[in-house]
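Descriptive structure summary
One letter stands for each residue in the lines below.
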Amino acid sequence: MSRIGRLLLFSIAVAAVAVSIGALSGCGATEKKGDHIYVGNGVSFRFPHDWKTIKPQGLKGRGLWTVIVAPSDTSGTDIAFVTEYRTPRTITKKNLSSKKSGITSTVTGVARQAGGALRSGPTPITMGGLPGYGFRISAPVESRPSTSRLVLVWKGRTEYFLNCQYLTKGVLGAEIERGCRMIIASFKLA
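Rules and cut-offs
- Residues numbered from 1 in each chain as written.
- Predicted model: local features only at pLDDT ≥ 70, side-chain atom pairs only at ≥ 80, totals over all residues.
- Heavy atoms only, no water.
- Core = buried A, V, L, I, M, F, W, Y, C linked by side-chain atoms within 4.5 Å.
- Buried < 20%, exposed > 50% of the residue type's maximum accessible area, 1.4 Å probe, protein only.
- Helix = DSSP H or I, 4+ residues; strand = E, 2+ residues; numbered from the N terminus.
- Contact = heavy atoms within 4.5 Å.
- Pairing = 2+ DSSP bridges.
- Axes fitted to C-alpha atoms, helices over the stretch in contact; angles between N-to-C directions.
- Expected span 1.5 Å × (residues − 1).
- Bend = angle between axes of the 7 residues up to and from the residue.
- Salt bridge = Lys/Arg side-chain N within 4 Å of Asp/Glu carboxyl O.
- pLDDT = per-residue confidence, 0-100.

Brief notes about the nonpolar core
- The biggest cluster of nonpolar side chains holds 24 residues, and the ones touching the most others in it are Phe45, Met127, Tyr160, Leu162 and Ile183.
- Of all the secondary structure elements, the ones that give two or more residues to this core are strand 2 (43-47), strand 4 (65-71), strand 5 (79-91), strand 6 (117-127), strand 8 (144-167) and helix 3 (173-186).
- Per-element accounting of this core gives the leading share, six residues, to strand 8.
- Apart from residues lying up to four places away in sequence, phenylalanine 45 is in contact with His36, Ile37, Tyr38, Val67, Val82, Ile183, Ser186 and Phe187.
- Listed in part, the 18 residues of the second largest apolar core include Ala70, Val107, Tyr133 and Leu150.

Considering the sheet that holds strand 2
- Across the sheet, three strands lie side by side as 1-2-9; this open sheet has antiparallel pairing. The open sheet has two edge strands with one neighbour each: strand 1 (36-40) and strand 9 (188-189).
- Inspection of the sheet shows strand 1 paired to strand 2 by five bridges, in the antiparallel sense. In the strand pairing of strand 2, isoleucine 37 is matched with arginine 46.
- Helix 3 contacts strand 2 and strand 9 of the sheet and is inclined by roughly 145° relative to strand 2.

A word on helix 2 (residues 96-113)
- Along its 18 residues, helix 2 runs 25 Å from first to last C-alpha, staying within 8% of the 26 Å computed at 1.5 Å per residue.
- The sharpest bend along helix 2 measures roughly 30° and falls at glycine 102.
- In the segment just after helix 2, glycine 115 is the residue with positive phi, at about 85°.

Some details on the pattern of salt bridges
- Overall, the coordinates contain five salt bridges when judged by the stated rule.
- Across the salt bridge formed by glutamate 177 and arginine 136, the nearest N and O atoms sit 2.6 Å from each other. Here glutamate 177 is found in helix 3, whereas its partner arginine 136 is found in strand 7 (residues 130-141), with 41 residues between them in sequence.
- In this structure glutamate 177 comes out as buried when scored by relative accessible area, which is 11%.
- We classify arginine 136 as partly exposed; its relative accessible area is 27%.
- Of the charged contacts in the structure, one is a salt bridge between arginine 149 and glutamate 177, with a shortest N-O distance of 3.4 Å. With arginine 149 in strand 8 and glutamate 177 in helix 3, the pair connects residues that are 28 residues apart, well separated along the chain. Of the two residues examined, arginine 149 and glutamate 177, each falls in the buried class.

Focus on the confidence of the model for the protein chain
- Averaged over all residues, the pLDDT of the protein chain is 83; the fraction at 70 or higher stands at 80%.
- This stretch, residues 1-31, has a pLDDT under 50; its non-local contacts, to residues over four places away or in other chains, come to 87 contacts.

Observations concerning unusual backbone geometry
- In this chain, glycine 121 is followed by proline 122 through a cis amide linkage whose omega measures 10°.
- Relative to the helices and strands, proline 122 is located in strand 6.
- Residues other than glycine seldom take positive phi values, yet asparagine 41 does so here, at roughly 55°.
- Of note, asparagine 41 is situated in the loop between strand 1 and strand 2.

Okay, here's the thing in structure tokens:
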């Protein structure tokens, strides 16, 4: 399995477990002429002009689709991706707070299973006008410390999961954070 495939399996595990349990903003996201726009699977979002789309390979998650984007000079560890899931329960702005404890517990448990920890969250967030929570977790990737900014938002029984992952001591952390802010600020349902 490719390096990116292994990295994504860890990240997808976070989302897959979160799915089973049934105000950050885009501040600082700047758009430049030539930025990429992803349009497909009923969503659209912008990502930096100097990033590329990476074809998912070897994914075995339960997501309906996954789009991976990353800086052109990434080694495969520093990536951002969006995945869509179907959830067993309807989650709305009205009932989101009642799900907070279970969602947090699940994200914390998955981070621990991966040898990491929950660093912050849940923080209420909206992405594309959809309600959800943001988290930061740490976990080793190929024995190196990594950080992930996770965003989970819902429209009924549909969950959109964003993971912006980078090596904690790597050189692309600020770049991944910049791209993540851009994705959050520009995400729209078609």
